[in-house]
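# Summary of the model geometry
Take a look at the letters that make up each chain.
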Amino acid sequence: MKKLIQRLGWPGTLALFIVLFFVLLAALAPWIAPYPLQGAGGPNVVAKLSPPSADYWLGTDHLGRDILSRIVYGTRVSLTNGILIVAFSLLIGLPIGLAAGYFGGWIDEALMRGTDVFLAFPALLLAVLMAAALGPGFLNSVIAVAVTWWPWYARLARAEVLVLRGQPYVEAAQLAGVSHWRIILRHILPATGRPLTVQAALDVGPALLTAAALSFLGLGVLPPTADWGQMVDAGRKFFPARWWYSAMPGLTIFVIALAFSVLGDALRDRKGGTARASA
Amino acid sequence: MELLRYILRRTFLSAFVLVGVTFLVFVVAQVVPSDPAALYAGPRPTAEQIEKARQELNLDAPLPARFATFAGAMASADFGISYKSRRLIADDLRAYLPATLELAIFSTGLALLIGIPLGVIAAARQGGWTDRACSFGSIAAVAMPTFFLAMILQLIFAQWLGILPLSGRLSREIAIAAPLPMVTGFNLIDALIAGRLDAFGDALTHLILPALTLASYPAGVAMRLTRSAIIEILERRHILAARALGLSEPRILFGHALPNAMGPALTVIGLSFAYALTGAVLIEIIFAWPGLGRYVSEAILAKDFPVIAAVTMVVTICYVVMNLLIDITQALVDPRVALS
Amino acid sequence: MPLLDIRNLSVSIPTSDGDVHAVRAVSLEIERGEIHGVIGESGCGKTMTGMAVLGLAPKGARIVAERFHFDGEDLREHAAHLRGRRIGMIAQDPAAALNPVLSIATQMDDVIRAHRDLPHRARRKEAIDLLAATGLPDPEKVLRSYPHQLSGGMQQRVVIAQALATGADFLIADEPTTALDVSVGAQVLALLRGLVTERGLTVLMITHDMDVIAEACDRATVLYAGRSIETGPVDAVLQNPGHPYTRALLAALPDAAPQGARLAAIEGSIPAPRSAIAGCAFAPRCPKVLPTCTVTPPPARSRGAHRWLCHLPEDAA
């Protein structure tokens, strides 16, 4: 514990615990949520739009469902959303960046100009267009955001590879006639993959923020599945008179995004000790 | 000479990117969906409507021919017809684009005005509590969901304090009773042209909340970029020399260090503008701001696909051109950029 | 009473690996109206001494001295106040000392405005007069320029004009000619000499170059490893050096070596800035080292106003 605080500082440590807390919420949602049935979408017409009370700590929505339970269930959607977005993006971006950086020349030029095209869009708009083309739904919204997300990893991976390519052991392997495939797999991938994975883990925060924006626009999961962005949007009709409906899920998104940001900052400040040293 | 070559190269790359953008929009619009015609025909289309869309989109032709048709239409600003309103999308864009641009430009100014001085002050008090407060503020600004911030600001300034209007671009009294003649489409400028100070003030108060919402994220980034740039600049010899000459600390910070931080400032302008264009999609509907963002978010609900594609196309063009201009300005201000 | 009176100044900077002794024991007496050269290799503490006088030593630096006075005022308390009012600085590299993105007009005006309450027009005239006083041929054009549009010599003249604009009567010139061509450097030195006589200035000239001492200075102090080891009128120090280190420095000059012979470089290197030194700091490199040199601090020896610290008897020199 002391070591952790020393390494991350107390804001970073606190942020780490908040993130872990949300992971726990997601894993144990049915046991933690006070009204698991409502969390999963079952209506509760007797208590429509009640303000926060002893029964319903964060109030209820327009179908009388407990907001706290909905938020707890929404954690599942949000976290998996964020994780899948960065995972898909890594899956696309890493190989492209590796190839561009390793082979150089026209392959590099072609891949990076292609990447530039994706980066030329304001990210959310491309995601909106993509999500609209695919239709709403959980997996579709993940794909829509990943399409705008992967170019960053391609660039990062390429930059890492450019540094590695000049290393003596890589050049030695090339001279010794080791195949490109083996060099990439044995020397380049492990060294680039790790810092990139750390970056990706921290990007889960911004990724779920973007996913929340999409579902706020009605392009995310379909009701009755609980989703934070969609809850904020649904509560808008009753805002500000029934402020809790939008405010509680909105605040939740803010807290988790903030936790990821602070954690990222703490890790970057102490780069030598974490991401880089393990690479 | 280097400069000219750099500008030409950047312009060429931007043109290339625009072709790529057109191609990507074409792919997403007409290749990705399982039945593009159904998408173009709108929600619950009849067989007739689908058939008509099929012909309009030229779906039976080979892909290259379809792309040529698509690119030709985009180049001549022919975005087709909105399913929902049955109006020409190009006409709608002309009406909505100025509202969004006005908001974007105003919020960019606001972001610079808030972020840069805070960054300078944080750098001057590096490690102190002002610095820490500013740093936390910038992290919070970056983590805040835009649409949620919009609602909070509405709650505080419109609902509780009642000092700013909740939504809209102009008050009813002005918009309906004494409308502004549209010259530029920018209400602030049109009001000045018409010599209507009442309308100017009204437009300004309506602009503040949405602009502040959109400015928060770029202001946070501006603060961080300025802070690190100023910290580096304060180490330079000419700052030491200025101190030795007995200049006051504020004069050194704002008069001597800040002008050296043009690079980050320009970066922020580009970023802020892009953010405003995207953020508009999320908050214009909350603020009932009659711009591209509200246009597109209504189109999402109505499944008005041609509108979504057209807005994506137009906004991306604005964005690419803006970035090109910033890169060229940066090269003009600091010729070293062109050499690297 | 000397204008600048420093006795046994030490400046140490605490770091995580222990204190860095940038200045160990420097004594300086600078009289009004003289150009006083301070010479030594890099790392001998000459620049840090200048910074301490300006009150611009790094944050956290510990400054200790028996006397550390400027015109009767204690610099430990008043350095920040005197800086830019009575004490000015002429930096080593004029290109780096001028702000690259501000015009000369702005940079001159800022200085004048910081020190005198004059209307805009009078400030402009003052700027032109000062630039003219430094021998710049077309002051109006210089005012319109940016630093990169000026040659190194012109930049250095602007820096001098800025120092004059503060109204300071004591200037610290830190290697003012190092970044310049030899001929331009000579012009700048001549300019400084002229300003000293015309305006009654006093100059502390920091340099590593014996030629600069010979050319421009009235008196000189030699620094080694953060200590002043010899001081006196320039003629005496150059013609008849007392300290073996000064002699070695002079022997290292290209002029002193016969044609074709290699420069007499001094063997060994200066003591580490973190180490403690007992005895004479130069002992490990001294060609005439005595057993006592490494143990006890050297005694003061003098010939009139010419003083140095050495165990060797005076006539052994």
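Our subject in this report is the structure included herewith. (Residues numbered from 1 in each chain as written. Chains lettered and ligands numbered in written order. Predicted model: local features only at pLDDT ≥ 70, side-chain atom pairs only at ≥ 80, totals over all residues.)

To continue, consider the overall build of chain C. Assigned secondary structure in chain C consists of 11 helices and 13 strands. The C-alpha radius of gyration computed for chain C amounts to 21 Å, which stays within 12% of the reference 20 Å derived for 317 residues, consistent with globular compactness. Expressed along its principal axes, the backbone C-alpha trace of chain C runs to roughly 70 × 50 × 40 Å. Within the span of chain C, comprising 317 residues, buried residues form 45% of the whole. Of the contacts made within chain C by residues no fewer than 6 positions apart, 64% connect residues no fewer than 24 positions apart. (Helix = DSSP H or I, 4+ residues; strand = E, 2+ residues; numbered from the N terminus. Rg over C-alpha atoms; globule rule 2.2 N^0.38 Å. Buried ≥ 20, exposed ≤ 12 C-beta atoms within 10 Å, placed from the backbone. Contact = placed C-beta atoms within 7 Å.)

The peptide bond linking Pro223(A) to Pro224(A) adopts the cis configuration, its omega dihedral lying at 10 degrees. As for its placement among the helices and strands, Pro224(A) is situated in the loop between helix H9 (180-216) and helix H10 (228-236). With a phi close to 55 degrees, Lys303(B) is a non-glycine residue in the positive phi region. Inspection of the secondary structure assignment puts Lys303(B) in the loop between helix H14 (292-301) and helix H15 (305-333). Positive phi, normally seen in glycine, also occurs at Asp71(C), with a value near 50 degrees. For Asp71(C), the location among the structural elements is in the loop between strand E5 (67-70) and strand E6 (73-74).

As a further point, take the interface of chain C and chain B. Counting residues at the interface gives 21 residues for chain C, matched by 15 residues for chain B. Counting only elements with at least two residues in the side of chain C that touches chain B, the list comes to strand E7 (87-90), helix H3 (94-97) and helix H4 (104-115) of chain C. A total of 4 residues in the side of chain C that touches chain B trace back to one element, the largest contributor, which is H4(C). Along the lines of polarity and charge, the residues of the side of chain C that touches chain B split into 11 nonpolar, 6 polar and 4 charged. (Nonpolar A, V, L, I, M, F, W, Y, C, P; charged D, E, K, R; others polar.)

The interface is formed by 37 residues belonging to chain A together with 41 residues belonging to chain B. Sorting the residues of the side of chain A that touches chain B by element identifies helix H5 (105-120), helix H6 (123-134), H9, H10 and helix H11 (243-269) of chain A as the ones contributing at least two each. Considered class by class, the residues forming the side of chain A that touches chain B number 29 nonpolar, 4 polar and 4 charged.

All names here are of chain B. The contact between helix H5 (residues 89-124) and helix H13 (residues 262-283) brings their axes to 9 Å, and the two run at 135 degrees. Classified by the angle their axes make, H5 and H13 are oblique. The interaxial crossing formed by H5 with H13 has right-handed handedness. For the pair H5 and H13, the contacting residues are Thr100, Leu103, Ala104, Ser107, Thr108, Ala111, Leu112, Gly115 and Ile116 in the first and Ala265, Val268, Ile269, Ser272, Phe273, Ala276, Leu277 and Ala280 in the second. (Axes fitted to C-alpha atoms, helices over the stretch in contact; angles between N-to-C directions. Parallel < 35°, antiparallel > 145°, perpendicular 65-115°, else oblique. Left-handed = near helix turned anticlockwise from the far one by under 90°.)

In short, geometric facts, not functional conclusions.
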